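# Coordinate analysis (summary)
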Amino acid sequence: MLAAPVRYSPDVEDVTPDEGETIAKLNDTFDTILETVAGNAGHAVRSVHAKAHGILEGVLRIDAGLPPELAQGLFAAPGEHRVYMRLSTNAGDILPDAVSLPRGLALKVLDVDGERLPDADGTTQNFIMVNGQVFQAPNAKKFLGSLKLLAGTTDRAEGLKVAASTVLRGVNTALQAVGIESTTVAALGGAPNVDPLGETYYSVTPFRYGDHIAKFSLAPVSPALTALTGNTIDASGRPDAIRETVRAEMAGIAGVWEFRVQLCRDRERQPVEDPTVAWDEDEAPFQRVATITVDPQDSWDQARVQAVDEAMRFSVWTGLAAHRPLGNINRARNAPYRHAADFRERFNGCPIHEPGSGR
């Protein structure tokens with residue numbers, strides 16, 4: 001029998017006194033990445049997950065008859081919302097796809113009513129996920145150290161990165177063969193070069209879920225998508241192989257994903273402040289609360305790419321107070337995400353806005 005979900009209260013977080021200093025250093029390091037890429041390319045991109053592989057438009061349908069602990073926030077009542085989905089990889093520079101990196105999926109749910117988070121423009125709810133269940137660092141200070149190393153290699157030695165990625169994929173395969181998963185090796189270019197349409201994505205960090213605390217997941221469930229799970233993409237000599245593959249596939253298939261919620265049921269075993277700890281699914285199972293349907297479409301339609309990839313930002317701090325981001329890593333994501341978007345807006349001369357913000 002499952003334990004009852006933990007009730008949310010502000011004291012589930014443990015705010016340390018040096019977080020402001022760490023966030024300022026994160027902004028400085030992201031500036032190095034942003035300025036380097038923009039200066040070399042003449043165009044500013046995101047400081048993380050810079051390269052998009054597809055922009056999809058679909059519909060989120062919230063399930064009817066959810067039990068009270070799941071009928072919370074955005075999911076409190078059945079309904080439909082238009083959504084945008086942005087598929088990406090996690091580097092802050094635009095690399096050839098032969099450098100295989102973890103996949104990301106950013107989801108923007110439109111026309112969401114309710115009390116907003118502080119400074120959350122518009123009327124959308126954003127979710128940001130990756131195809132792994134844990135974060136590479138336990139806190140922002142540790143992440144800052146990794147980010148400084150990555151900033152030092154931004155926009156340098158593409159050929160070496162491609163070669164290193166090939167080696168690291170072999171290392172990761174060997175580790176997996178003996179039951180070891182390395183988020184560090186994957187983040188450095190050793191992730192399997194998988195088709196993003198077949199992947200399951202996770203929020204990794206926890207969020208308020210109305211009266212409770214939860215992590216989120218988006219899992220492919222339609223046969224056309226699950227048939228792609230684990231498929232690898234040969235990017236040899238094809239710098240945009242992932243984008244080309246997704247575009248060819250989405251032209252002919254309808255995709256359905258389940259949006260799932262993992263309620264925290266034990267604060268010791270499912271910690272809020274350490275995203276390197278996976279929450280055991282036997283103790284805290286993922287439960288479906290909605291589906292997302294995407295009809296066949298051009299996943300690199302230029303008008304949609306301009307509207308979403310260039311003129312919007314995705315942030316976990318854009319949304320409802322009922323889904324407040326929790327934990328040190330999430331608190332450290334707020335200012336840098338806005339800082340990076342402001343840089344893109346200034347450099348590119350392209351206003352960045354939220355649908356419904358009036359900006």
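Quick note: structure is the one above.
Below, the structure is looked at part by part. Everything numeric here is computed off the predicted structure, so don't read it as measured data.

Let us now look at the side chain of Asp97. Relative to the helices and strands, Asp97 is located in the loop between strand E2 (79–89) and strand E3 (103–109). Look at Asp97 and you get buried, because its relative accessible area is 3%. One polar contact links the side chain of Asp97 to the main-chain amide nitrogen of Ala241, over a distance of 3.0 Å.

Look at helix H1 (residues 19–41): 33 Å from first C-alpha to last across 23 residues, which is about the 33 Å you get at 1.5 Å a residue. For H1, the set of buried residues is Glu19, Thr22, Ile23, Leu26, Asn27, Thr29, Phe30, Asp31, Ile33, Leu34, Val37 and Ala38. Among the residues trailing H1, Gly42 stands out with phi positive, at a value near 75°.

What follows deals with unusual backbone geometry. For Asp119, which is not a glycine, the phi torsion comes out positive at approximately 65°. Summarising the element assignment, Asp119 is placed in the loop between E3 and strand E4 (125–130). Residue class for Asp119 comes out exposed when judged on its relative accessible area of 63%. Positioned with a positive phi, Val204 is a non-glycine residue whose angle comes to about 70°.

All right, on to the packing of aromatic side chains then. The geometry of an aromatic ring pair is captured by the separation of the ring centres together with the interplanar angle, meaning the angle of the planes. Counting across every chain of the model gives 11 aromatic pairs. An angle of 55° between the planes, with centres 5.8 Å apart, marks the rings of Tyr202 and Phe286 as tilted. In this pair, Tyr202 sits in strand E5 (residues 201–202) while Phe286 sits in strand E9 (residues 286–294), placing the two residues 84 residues apart along the sequence. Comparing Tyr202 with Phe286, the two get one shared label, buried. We note Lys108 situated over the ring of Phe314; from NZ or CZ to the ring centre the distance is 4.6 Å. Across from the ring centre of Trp300, 3.9 Å away, lies the NZ or CZ of Arg243, which sits over that ring.

Rules used throughout
- Residues numbered from 1 in each chain as written.
- Predicted model: local features only at pLDDT ≥ 70, side-chain atom pairs only at ≥ 80, totals over all residues.
- Heavy atoms only, no water.
- Helix = DSSP H or I, 4+ residues; strand = E, 2+ residues; numbered from the N terminus.
- Buried < 20%, exposed > 50% of the residue type's maximum accessible area, 1.4 Å probe, protein only.
- Polar contact = N/O pair within 3.5 Å; in protein donor to acceptor, adjacent residues only side chain to side chain.
- Expected span 1.5 Å × (residues − 1).
- Phe/Tyr/Trp six-rings, centres within 6.5 Å; stacked < 30°, edge-to-face > 60°.
- Lys NZ or Arg CZ within 6 Å of the ring centre and 35° of its normal.

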